[in-house]
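Architecture at a glance
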Amino acid sequence: MGVLQLRLLGGFHAERGQGVPPVERWARPGARTLVKLLAVTPGHQLHRERVMAVCWPHAELAAAQRNLRVALHAARHALEPELVPRAPSSYLVADGTLLRLAPGAVVVDADRAEALAERALAAGSVPELAAAWAGFTGELLPEDRYAAWAEPRRARLADLRDRVGLALATARLAEDSPEEAATVARHLVDQTPPDERAHRLLMVAYVRQGRYGEAVRQYERCARALAAEHGGLPGPETERLRRSALAGRRAPAGPVVVRGVADSGVAPGAVDGAVASGPVDRVAAPGLADLVVAPGSEDPVAAPGSAELGAAPDPAGRGAAPGSAEADVALGPVEVDVVPGSAEGDVAPGSAGADVALGPAGADAAPGSAGADVASGPAEADAARVRCDWARTLERSGRYDDAIRVLREALASYGQQGLADACAMTASRLAEVLARHRTSREAHAVLAAHPPAAQAPAEVRATCRLARAMALFHEGDYEAGLGAAREAQEMVEGAEASPGDAGGQGGLADGGEGHASRAALLARALAQQATCNGLLGRFDAAEDPARRALVAAEQAGDPALLATVLSVLRENARRAGRYERAVAHGRRALALAEQQGRPTATAFERANLAELQLLLGDTEEADRLARAAVELAEPFGGTVLAFALTAQARVRTATEPRAAEALLTRAARCAHEGGHRQAVDEVRAARAEWEAARG
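Residues numbered from 1 in each chain as written. Predicted model: local features only at pLDDT ≥ 70, side-chain atom pairs only at ≥ 80, totals over all residues. Heavy atoms only, no water.

**A word on the sheet that holds strand 4 (residues 92-95)**
Backbone hydrogen bonds hold the strands of a sheet together, and the pairing may be parallel or antiparallel. Put simply, the rule is: Strands were regarded as paired on the criterion that DSSP finds at least two bridges between them. Runs of E in the DSSP output that reach at least two residues are strands. Runs of H or I that reach at least four are helices, and both are numbered from the N terminus. Here, axes are lines fitted to C-alpha atoms. For helices the fit covers the stretch in contact, and angles between N-to-C directions go from 0 to 180 degrees. Residues count as neighbours in contact if any of their non-hydrogen atoms are within 4.5 Å of one another.
Strand order in the open sheet formed by 3 strands is 3-5-4, and the pairing between neighbours is antiparallel. Of all the strands in the sheet, the pair left with one neighbour each is strand 3 (45-47) and strand 4. Here the strands of the sheet are splayed against their neighbours by 20° on average, with no regard to which way each runs. In the sheet, strand 4 pairs with strand 5 (residues 98-101) via 4 bridges, with the strands oriented antiparallel. The residue of strand 5 that forms the bridge with Ala94 is Leu99. Its contacts with the sheet put helix 2 (residues 48-55) on strand 3, strand 4 and strand 5, and the angle it makes with strand 3 is roughly 85°.

Below is the structure:
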């Protein structure tokens, strides 16, 4: 028989071992797509309905079933031309409602690349990272670049490839191989031009080689890529590297002060920010492992409390910017430290001569002083604001990990500028994304690290309290979530409507809540109360805050917020048995979610409408909505897929109990992966209904 080798990286190709000729011709395109679809899916198995929805989305059910039978036959004979009629395939297996590639008989190159990458990232050794990097031999199915069904696996592999590349380039820098680091970093930049981390690594590699002009030009390429992607500017770490490279091009011939070089001194007349052209300290690149190498040391030191940026040890005891989630990182070559406001090159009185007060790269330079960071102020505030807006777009399009990364970058930027209110607002936004798509524990940790000041504007304090209410809701503590939402409401209603509350540091209203208004905050606080009351069975208590939330949401003029409030109204009406009213709210919420291009919200609304149609006795419409919800939620997994699968299982319980059981089993796994208490409870309730229906 021979093992079937399926290649997805660089283009689809199927080949069998033991000298059997490779599969070159496919009688039907649908047959090839069927095999690709199974190969690209983790676990390599799919329900027949999912295959039909992907391959023949507009066909009637009977036609789609007929097409599937023909494609299965053609695929089996393409993979095994010698297969006799009615004989089982060695590679493509049908098991009831499931289709799958036979385990052990089929090997997929993307699986191997993914496994190598995960092992290398866990181990961190250069040989394993290099082997994993070599395993990414091309783009996943370039001929299907725009196929939605391939996007989740393509995104997963691209993320792993980037993480391996960043780790490998960092490791090459740590072993003093800047040329090899630059080769990897250049490939990363070519693959993902807006990845600022890759640009930074390439700049570091160039500076290590003394190629200061190339480093400056790389900064300019980075700025153009970010502007084209989302209109943003490079962050403060990248800007700091640019200044280092510029200073390196005009560095004095004499010795300069560099941390970790014991016998250096400041050359008379040296330029503030000059870069040493000799030995430099090795450091970890930002955004990767939380390890740095101390100056003059060979051993890595853990960066305490670092989330994404390794904090370089500072002999003067200066740490990260107050309130920052990601500490500053010292990137070699190291910048000269000059006393703010002093004559250029003067050493601070009483110092040892090798470590002086921070100048442009310093975390604690006084605002407005001669040594203050020239990149701080409006430019960095604008860059952080753009990141927050971009994160909102990323989240609404389902790119949650990217949204979290961008919000962390914005939080670090605000922290470095000392903008405490903007930090608190951005931390609140980050906490909400973490609560929805990671864990409530991470959300609480971010909020604890960036609490609002007692004198902070009411909108800041209310936004932070709402984020806490959201985290409590997602972990199932509805009573505490209700209390936090009430506190947020009181803060908004009790505040004086002054211009200072809405603005503030660096465009505060943009920092975490977008252009948040009091009406929007009030709508969110009231909607959260209505949700918690509904889940606690207090339907009468839920009605008034829900009605008031709708009025406030309409005043705010935010379609996404209005859809959220309508979703709350729909759910509470359903729990109270008012199904027709619930459908009206649900259809309006669905239309808004579709108009806003929010895939997960759209899938969620379809799933809930499917259950409502089932309660009203329209099983055909319920089945259509449930199938559409599962199809849309499939790439995202987790909580939204759990709700969609649960809805489909409820629709199928009466007519196809075995299929419904399989759907519930999968839904339970997704609910636990998503960590959403309500989703877990919904699956359990649906399971109880299924058991009751079975007698």
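**Some points on the confidence of the model for the chain**
Basically, it comes down to this: Per-residue confidence from the predictor is reported as pLDDT, which spans 0 to 100.
For the chain, the mean per-residue pLDDT works out to 75, and 76% of the residues sit at or above 70. Throughout residues 251-376 the model reports pLDDT below 50, and contacts reaching past four residues in sequence, or to other chains, amount to 229 contacts. Of the regions scoring below 50 in pLDDT, residues 496-516 engages in 52 contacts with residues more than four places distant in sequence or in other chains.

**Thoughts on the nonpolar core**
What counts, and what does not: Buried residues of nine kinds, namely Ala, Val, Leu, Ile, Met, Phe, Trp, Tyr and Cys, make up a nonpolar core once their side-chain atoms join them within 4.5 Å. For every residue, the accessible area obtained with a 1.4 Å probe (protein chains only) is divided by the maximum for its type, and the residue is called buried under 20%, exposed over 50%, and partly exposed between those limits.
Ranked by internal contacts, the top residues of the largest apolar core, which has 78 residues, are Leu6, Leu8 and Leu34. Sequence-distant contacts of Leu34, defined by excluding residues within four places in its chain, comprise Val51, Ala71, Leu72, Ala75, Leu92 and Leu99. Of all hydrophobic cores here, the second largest spans 35 residues; its members include Val583, Leu590, Ala649 and Val651.

**Looking at unusual backbone geometry**
Even without being a glycine, His44 presents a positive backbone phi close to 55°. Residue placement: His44 occurs in the loop between helix 1 (29-40) and strand 3. Phi angles above zero are rare outside glycine, and Asp176 is one such case at about 65°. Relative to the elements of secondary structure, Asp176 occurs in the loop between helix 6 (151-174) and helix 7 (178-191).

**Regarding the pairing of strand 1 (residues 4-7)**
Burial along strand 1 is one-sided: Leu4 and Leu6 are buried, while Gln5 and Arg7, pointing the other way, are not. Strand direction decides the pairing type here: strand 1 and strand 2 (residues 13-16), joined by 4 bridges, are antiparallel. Pairing of Arg7 across the sheet is with His13, part of strand 2. Hairpin connection, strand 1 to strand 2: the antiparallel pair is bridged by 5 residues, and Gly10 has positive phi, about 90°.

**Examining the side chain of Lys36**
Topologically, Lys36 is positioned in helix 1. Excluding anything up to four places from it in sequence, Lys36 contacts Phe12, Leu141, Glu143, Asp144 and Trp149.

**Looking at the environment of Ala94**
Counting through the fold element by element, Ala94 comes out in strand 4. By relative accessible area, which is 35% here, Ala94 ends up partly exposed. Separated by 22 residues in sequence, Ala94 and Leu72 place their C-alpha atoms 9.1 Å apart. Setting aside residues no more than four positions away along its own chain, Ala94 makes contact with Arg48, Arg76 and Leu99.

**So, the packing of helix 12 (residues 400-416) against helix 13 (residues 420-437)**
Note the following rule: Angles below 35 degrees are treated as roughly parallel, those above 145 as roughly antiparallel, those between 65 and 115 as roughly perpendicular, and all remaining angles as oblique. Take the far helix as your reference; a near helix turned counterclockwise from it by less than a right angle gives a left-handed crossing, and one turned clockwise gives a right-handed crossing.
Taken N-terminus to C-terminus, the directions of helix 12 and helix 13 make an angle of 160°; their axes are 9 Å apart at the nearest point. Taken as axis vectors, helix 12 and helix 13 run roughly antiparallel relative to one another. Considering only the axes of helix 12 and helix 13, their crossing is left-handed. Where helix 12 approaches helix 13, its residues Tyr400, Ile404, Leu407, Arg408, Ala410, Leu411, Tyr414 and Gly415 are matched on the opposing element by Ala422, Cys423, Thr426, Ala427, Arg429, Leu430, Val433, Leu434 and His437.

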